2 protein chains.
Amino acid sequence: MPYVGVGIQQHSASLRSQRMLRAYAALTGGILVSLFVMGMGKLQSDRGVPLPRQETVEEIQDQIGQVLMEAIKGDNIKANLRALTKEPHQAGTKANDRVAKTIENLYLSAGLQRVHTLTYDVLLSYPDWDKPNTVSINNRFGSAVFTSKGVSDAILPDEQGAPHAGHQWLAYSAPGKVEGDIVYCNSGTPKDFEEIKKMGIDVTGKIAMMRYGEGFRGDKVAEAQQNGAKAAILFSDPAESVWMPPQGVQRGSIMKLNGDVLTPLYPAKPGAYKSRTIDEAKEKGVIPSIPALPISYDTAYEILSRMNGRPVPPEWQGNVNVTYRMGPGLRDGHKTTVDVKSSLTTKHVHNVVGYIPGQDEEDRYVILGNHFDAWVYGSIDPNSGTSILAEVARAMVETMNTTTWRPSRTMVFAAWDAEEYGLLGSTEYVEEFVQQLGGRAVAYLNMDCFAGNSSLDIRTIPSLRDLAVDVAKRIPNHLEEQVHLGRKTLYDTWVRAFPGANDQPDMKIPGGGSDHTGFLTFAGVPVIDFNMVNTTRNSYPLYHSLFETPFLNEHLYDKPDFAMHRAIGRYWAELARTLSDSPVLPINVTKIAVEMKDVYVLELRKALNSLPANPNLMEAKQQVDYLEKGAQKFLTRAQYFAEHAGRVQVEIAENPFDQRKLRGVNERIMMAERCFINPRGMPGAPENRHVLYSISEKDSYSGKIMAAVYDAIDEYSASTDKKKAGRRVAEQISIIYHSVHCATNTLKHFF
Amino acid sequence: MPYVGVGIQQHSASLRSQRMLRAYAALTGGILVSLFVMGMGKLQSDRGVPLPRQETVEEIQDQIGQVLMEAIKGDNIKANLRALTKEPHQAGTKANDRVAKTIENLYLSAGLQRVHTLTYDVLLSYPDWDKPNTVSINNRFGSAVFTSKGVSDAILPDEQGAPHAGHQWLAYSAPGKVEGDIVYCNSGTPKDFEEIKKMGIDVTGKIAMMRYGEGFRGDKVAEAQQNGAKAAILFSDPAESVWMPPQGVQRGSIMKLNGDVLTPLYPAKPGAYKSRTIDEAKEKGVIPSIPALPISYDTAYEILSRMNGRPVPPEWQGNVNVTYRMGPGLRDGHKTTVDVKSSLTTKHVHNVVGYIPGQDEEDRYVILGNHFDAWVYGSIDPNSGTSILAEVARAMVETMNTTTWRPSRTMVFAAWDAEEYGLLGSTEYVEEFVQQLGGRAVAYLNMDCFAGNSSLDIRTIPSLRDLAVDVAKRIPNHLEEQVHLGRKTLYDTWVRAFPGANDQPDMKIPGGGSDHTGFLTFAGVPVIDFNMVNTTRNSYPLYHSLFETPFLNEHLYDKPDFAMHRAIGRYWAELARTLSDSPVLPINVTKIAVEMKDVYVLELRKALNSLPANPNLMEAKQQVDYLEKGAQKFLTRAQYFAEHAGRVQVEIAENPFDQRKLRGVNERIMMAERCFINPRGMPGAPENRHVLYSISEKDSYSGKIMAAVYDAIDEYSASTDKKKAGRRVAEQISIIYHSVHCATNTLKHFF
């Protein structure tokens, strides 16, 4: 499909704006005065560096971009990072309150307006800091032959030596001391547990030992519990965890939903009613009922080297230097004891928010967000992002002070709390303001942390892909060796690292795992979740470990000049500026239609056709035909709308006083995206409201298209009542159709 | 509470507008040119009667109102009515398709734009037109001693003599021939059935005979079915039905939900997936499983005069001239047979829609609606409204042609199909366009039919009460005897007929029963449902009978000059024009806050305090405190917002070029109303989404405030698990709080 004009290519409009600019310059005696022109910010005569009047609006915009990019300083980011990572700061701790305060001060001194915190009372989980969690191995007489220390040792004591920093634990684990026999369960996927069953090994009453990788750790523990395990152990196999020292562990949450456990769908504001009890959360599997513990691979060695039973299948063998065995149990009647001390407690958490009010559309928001709570020091996850975002804020205000630029739409800077526990801060925010975000949020731009330093990696929805690419073409490459190869921009490296369809880099659909999730799947706000990665896209070394301290950023991931950190900031800033200042929003709804027609419908048809022929599938197949026709209508309408939007843009450039038509165009672009929100959510999951991009229950990290439809197809395959199951598939497809039809109607003037 | 300025009193703005108008008049050489001023329509020099330039904007607006009101002609309404009521026209029949065509032609010749129909395929129900439904009485030998004719006789054969017009039936009755014993069940309310149980009479396997009145007929039949009855008979007791001839019956639907039975929550577009089966609908009680039949009171006499058993309680005795008895059964072993022939069938229905595009805000809609399908001829219900609405459309376009007025926002004229079956046409429309209506619909103005001729009667939400009153003060009284008493306007009679709080006439909250329901309770659009009534507010004589033909309108309800029909049209037109042309929308959100604080919270507290003290109610009571605080915050914010809106209005008047701030103000007014929509609906009733004004399941005709909360309180009273039930009450109150909090945030600039 050719690119259709609702995007950021706005040449004809710019030429006309230029004419108008000149006319105004003439009218006002050659001095550029405060104009009504949205999409180029304000040009004022009374402050800052006057911009040469003979330039085009587009050139002026580019120039503003240059000033903004230059304003982002590596030294500032480095200083921010040091300020934010002085001590371990898990959500709900006093240390994290101090980090929130640091961010508030950074935002204030940057010059943001209305800086304030939003507080929620959420259910958190902590270990007993004075009594580490342990795994021990006892001989048949009950004497311990091995007990893990439960604490990782600092490598750089200056940065990593705070009391309790090395504590090994998983948030929301049940407390308990459990003795039993170990079964090796590989990665703990449903498929792994099926295999184990086939081997004739019963996990019931056993301790499931699993390695990290292949999905969300919370799913592993839940799967183990469902299979009857009475405790779960997770270890960082060196096969997955390069650089991880033998005594390091990956911390993390094993809660299964996003947002506060006790206030589903509603904000956990202080005093708010807790509609779910802890017992109900356990019954529903939101939090586990069994103890779970992360161990280092030197502790894993102690267990693996004593394991009973047959050797594991070859692909289950990891890189600990011993032959892995299935169990159950250890040789010589040795038993394993898991001892986890943990408590659930409700605590205040605090999002920090600050604004740069838009000059033209104060009530349209471009939101830039990152969380700030960490498992330990968090110099990568998440404070690489936090430190960059504060610098982007500062650089924007500096640009306002040194040029005459003002953002056209409002910029919102958001630092989320308690992301690590399950996206708590951002989810509660979205639950509180879902209605306002639905009407006012243009886009949400998330950067959690980088996970490598080789290439951009972007997860976004089809309608923002063009924007993501276009902006990447404007950002200088931070990698000198790439520049030497002629790859001058982030885009040049990116498109080679991850080549994708339509001559664009490959961009995945945003799954879960960071704070964009609620914006997209609960509120229907378009999101970009971006990142620097290595070319395998694997999780970065030392993830969620004690060793994430600034030394890593300064010497292992980036250079002391923080060129990569700066490049990330530039990309973030330019994404936001473009979304703020483009007269017609750079959100290409045509792309949703194309994707629906050329990809989603075809894949769905394939999935249905791959099932054994059955008359009970007839209705579902009819609904696919219907959906295809709807997608074609949507495409036609979107193309027509794109032409209309182009005309309005031209009119606005010629007559900047009447913004109403433009606001109408942008309202439709925003509302077309919202059509893909089903207010009732997926069956049994009312929080998963995006009919295309909500997340599959079974694999919380991946972004699955039309999850409710494919879940219904899976249920159909497993069901004995094919008639009822076939009806459910048809119903779920008809809900997608309804969204497509809604988007089509939204682009119309009358219906 | 004093009235706070977000309403239609706009004196200061008008004065400034006047100044501006003059300035422009001067600039353009004294000729009024096309202006950017929203809120007064366009004044153009090139056509129509020039308006004298020395008048204020307000005077000009009044003058436009005068022209519009004068343009509405009784003769036209009368001619429309005759054209619409030539033949019986139930939804889904060819005759009703012809009525749709007539309306389309009326709209086209009126000069509306984009006139078209919207088609839905809905489940309808019909009798066997060739074989009337009967009730017969057989003696102990099985011989019939009485058989009802099943058909009412015409009184005015010229108007009422079409074949099958007199057929007596209820839509969605199950078919069946049932012999059994009658039990008299009074009005068929839950209370009545409880009384019957207390009397020791078992309704199981009996035929329940009930009279009309005291609630929706569908609830009566459902109650009878739930109590085990195998058939239901409904009769028009002369006590409730003045004027009804002895052989007349009230027809109607006994379907329990709004909208198509087979496509809940989604539009029944041709080809759309039917997610509910007929069997599921019966299981869920949406449509009955037993036969049900309306009978005349001469047929009722045949049964009542033969009844067995004790006399009924005095208040259950009606006006049929016989002592009513309870049964069960008839004397001398006589048995009753109910014979109902009916079928369910999916048919096309067609809404007719036409537009007058707004000059300033084409994408903001003021919607005027009425249904056109009828049980027989429908000269009152609904075509009194249909004929008036078509004339309002014509008069608006005429006013555009004879003056230079153009509505500022778009007027939408909607004629709904299949309302009588369960609000099908309007509900499917709302389900199809809920997202667009959410963003674009300013208000929905419903007039189904008049139900008397003495006074206005208005059901609306608190935020539209001021508008309803203000406009009524501008409409001349159609009743000469009232004018002689000095009551010059509709308001003067209305406020005396139904005096209410705050010196306003009493206005109920809109319940169900007509096409405003989906707009308010599913989409959150503010509605006014208005009517002319007699001072008892009873249902009008001859309701849903064969005898609703134009003679009634011309000679019994109104005078031949159709003064009342005209007055209704004037009120409708002026409501719409005010909503279209007011710069700041005349929707007073402050009133929601006041009502919440001063009425709803107090009543709720009273209800909770009236329950026996119980620690399980503590959380619920805490939530009421919380709600009260929230309501106070909302009130403070609404008052602050009202001041802000007033300032913006002044700014706009002085600088009409920049409409963005105004659009922002109006967006917030609209969105604050939408906050009271819970996207998931009431527990077990996802279609009932308005947390304040959704309709109670038990009594479909009344508008109950916060039905989900009071349902939870009722459940608490009945429940044995007080802990769980108490939690549910608290949860439902917290959902109201969330809506109030949402509305408060919506009125803020930043959050």
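Rules of the game
Residues numbered from 1 in each chain as written. Chains lettered and ligands numbered in written order. Predicted model: local features only at pLDDT ≥ 70, side-chain atom pairs only at ≥ 80, totals over all residues. Heavy atoms only, no water. Helix = DSSP H or I, 4+ residues; strand = E, 2+ residues; numbered from the N terminus. Contact = heavy atoms within 4.5 Å. 1 Å grid on protein atoms, 1.4 Å probe; cavity = no way out; pocket = protein on both sides within 12 Å on 5 of 7 lines; lining within 4 Å. Points joined across faces, edges and corners; volume = space filled by probe spheres on them. Nonpolar A, V, L, I, M, F, W, Y, C, P; charged D, E, K, R; others polar. Core = buried A, V, L, I, M, F, W, Y, C linked by side-chain atoms within 4.5 Å. Buried < 20%, exposed > 50% of the residue type's maximum accessible area, 1.4 Å probe, protein only. Salt bridge = Lys/Arg side-chain N within 4 Å of Asp/Glu carboxyl O. Domains from an automatic or database assignment. UniProt positions renumbered as here; feature names shortened; annotations may be inferred. pLDDT = per-residue confidence, 0-100. Least-squares fit on C-alpha atoms with pLDDT ≥ 70 in both. Pairing = 2+ DSSP bridges. Buried area = accessible area lost by both parts, 1.4 Å probe. Axes fitted to C-alpha atoms, helices over the stretch in contact; angles between N-to-C directions. Disulfide = S-S within 2.5 Å.

(A) Structural context of the side chain of E548 of chain A. Its place among the elements puts E548 of chain A in the loop between β17 (527-533) and α16 (550-557). Not counting the four nearest positions on each side in its chain, E548 of chain A is found in contact with Y377, G378, S379, I380, D381, Y540, L542 and Y543 of chain A.

(B) Structural view of empty space enclosed by the protein. Scanning all chains against the criterion turns up 11 cavities of 30 Å³ or more. Of the voids in this model, the largest cavity is the one considered here, and its volume is about 1,100 Å³. Mapped onto the lining of the largest cavity, the elements with two or more residues apiece are α11 (424-440), α20 (660-674) and α22 (722-746) of chain A together with α11 (424-440), α20 (660-674) and α22 (722-746) of chain B. Partitioning the lining of the largest cavity into residue classes produces 24 nonpolar, 12 polar and 12 charged. What the second largest cavity holds in volume is close to 160 Å³. Residue lining of the second largest cavity: 14 residues in total, with S734 of chain A together with Y266, P267, A272 and Y273 of chain B positioned closest to the centre. A per-class count over the lining of the second largest cavity returns eight nonpolar, four polar and two charged.

(C) Molecular detail of the nonpolar core. Membership of the largest hydrophobic core comes to 467 residues, with the highest contact counts inside it found for F413 and Y571 of chain A together with F413 and Y571 of chain B. Other than its neighbours up to four places away in sequence, F413 of chain B contacts Y107, L112, V352, V353, G354, I356, L368, L389, V392, A393 and M396 of chain B.

(D) Representation of the pattern of salt bridges within the structure. Applying the stated criterion across every chain, the model contains 72 salt bridges over all chains. Among the salt bridges present, the one from E574 of chain A reaches R577 of chain A, with a minimum N-O distance of 2.7 Å. Placement of both E574 of chain A and R577 of chain A in helix α17 (residues 563-581) is noted, with a separation of three residues, approximately one turn of the helix. The closest approach of N and O atoms between D470 of chain B and R474 of chain B, which form a salt bridge, is 3.3 Å. Counted as one network, the salt bridges with shared partners bring together E361, D363, R364, R409 and R663 of chain A together with E667 of chain B.

(E) The domain arrangement of chain A, seen in detail. On domain assignment, one finds that chain A holds domain 1 (6-55), domain 2 (65-125 + 346-581), domain 3 (129-340) and domain 4 (589-747). Each of domain 3 of chain A and domain 4 of chain A was reduced to a C-alpha centroid, and the two centroids are 39 Å apart.

(F) Just helix α14 (residues 490-497) of chain A, in detail. Residue and element names in this part refer to chain A. Most of α14 sits inside the fold, with six of its eight residues counted as buried. Those residues of α14 not exposed but buried are L490, Y491, D492, T493, W494 and V495. Contact partners of the buried residues in α14: β16 (455-460), α12 (465-472), α13 (480-484), β17 and α17.

(G) Representation of the UniProt feature "domain: PA" (unreviewed entry) in chain A within the structure. The UniProt feature table records "domain: PA" (unreviewed entry) at residues 178-248 of chain A. The straight-line gap between the two end C-alpha atoms of residues 178-248 of chain A is 23 Å; of that span, 27% is helix and 23% is strand.

(H) The arrangement of the confidence of the model for chain A in detail. Residue and element names in this part refer to chain A. Residue-level pLDDT values for chain A average 91, and 91% of them are 70 or greater. Across residues 1-53, confidence stays below pLDDT 50; counting only partners more than four residues off in sequence or on other chains, it has 129 contacts. The ipTM for the predicted assembly is 0.91, set against a pTM of 0.92.

(I) Focus on the relation of the copies chain A and chain B. Of the transformation placing chain A onto chain B, the axial shift is 0.0 Å and the rotation is 180 degrees, giving an RMSD of 0.0 Å. Here the symmetry operator amounts to a two-fold rotation axis. The residues that chain A uses at the interface reappear at the interface of chain B in 100% of cases, marking a shared surface.

(J) Local environment of the pairing of strand β11 (residues 335-340) of chain B. Residue and element names in this part refer to chain B. Burial of β11 is extensive: five of the six residues sit out of reach of the surface. Bridge analysis of strand β2 (residues 134-138) against β11 gives five bridges, and the strand direction is antiparallel. In the strand pairing of β11, N138 is matched with K335. Bridge count between strand β5 (residues 176-180) and β11: five bridges; the pairing is antiparallel. Counterpart to V178 in the pairing with β11 is V338.

(K) A look at the interface of chain A and chain B. If you look at the interface, chain A gives 69 residues, while chain B gives 69 residues. Counting the surface lost from both chain A and chain B, the interface buries some 5,900 Å², and carbon and sulfur atoms represent 53% of this. For the interface between chain A and chain B, the tally reads four salt bridges. At the level of elements, β1 (113-127), β12 (342-356), β13 (361-371), α11, α19 (618-654), α20 and α22 of chain A are the ones that each hand at least two residues to the side of chain A that touches chain B. Of the residues forming the side of chain A that touches chain B, the biggest block, 11 residues, is contributed by α22 of chain A. Across the side of chain A that touches chain B, the residue classes tally to 27 nonpolar, 18 polar and 24 charged.

(L) Region of the structure containing the sheet that holds strand β15 (residues 441-446) of chain B. Residue and element names in this part refer to chain B. On the basis of which strands lie adjacent, the open sheet formed by seven strands has the order β1-β12-β14-β13-β15-β17-β16 and mixed pairing. One side of each edge strand has no neighbouring strand; the edge strands of this open sheet are β1 (113-127) and β16 (455-460). Each adjacent strand pair in this sheet contributes to an overall mean axis angle of 20 degrees, direction not counted. In the sheet, β15 pairs with strand β17 (residues 527-533) via three bridges, with the strands oriented parallel. Opposite N446, over in β17, you have D529 as the bridge partner. Relative to β1, α11 is tilted by about 140 degrees, and along the sheet it contacts β1, β12 (342-356), β13 (361-371), β14 (409-416) and β15.

(M) Region of interest: the state of the cysteines. Residue and element names in this part refer to chain A. Applying the stated criterion across every chain yields a total of two disulfides over all chains. Across the disulfide, C675 is cross-linked to C742 (sulfur-sulfur distance 2.0 Å). Taking the sign of the S-S torsion, -60 degrees for the link of C675 and C742, the bridge is left-handed. Placement of the pair is C675 in the loop between α20 and α21 (707-718) and C742 in helix α22, with a sequence separation of 67 residues. Judged on exposure class, the residue C675 and its partner C742 are both buried.

(N) Representation of the environment of I295 of chain A in the model. Residue and element names in this part refer to chain A. Structurally, I295 is set in strand β10 (residues 292-295). The sequence separation of I295 and K149 amounts to 146 residues, and the corresponding C-alpha distance is 9.8 Å. If we ignore the near neighbours within four places in the chain, the residues touching I295 are V135, M209, I233, L234, F235, S236, G248, V249, A300 and I303.

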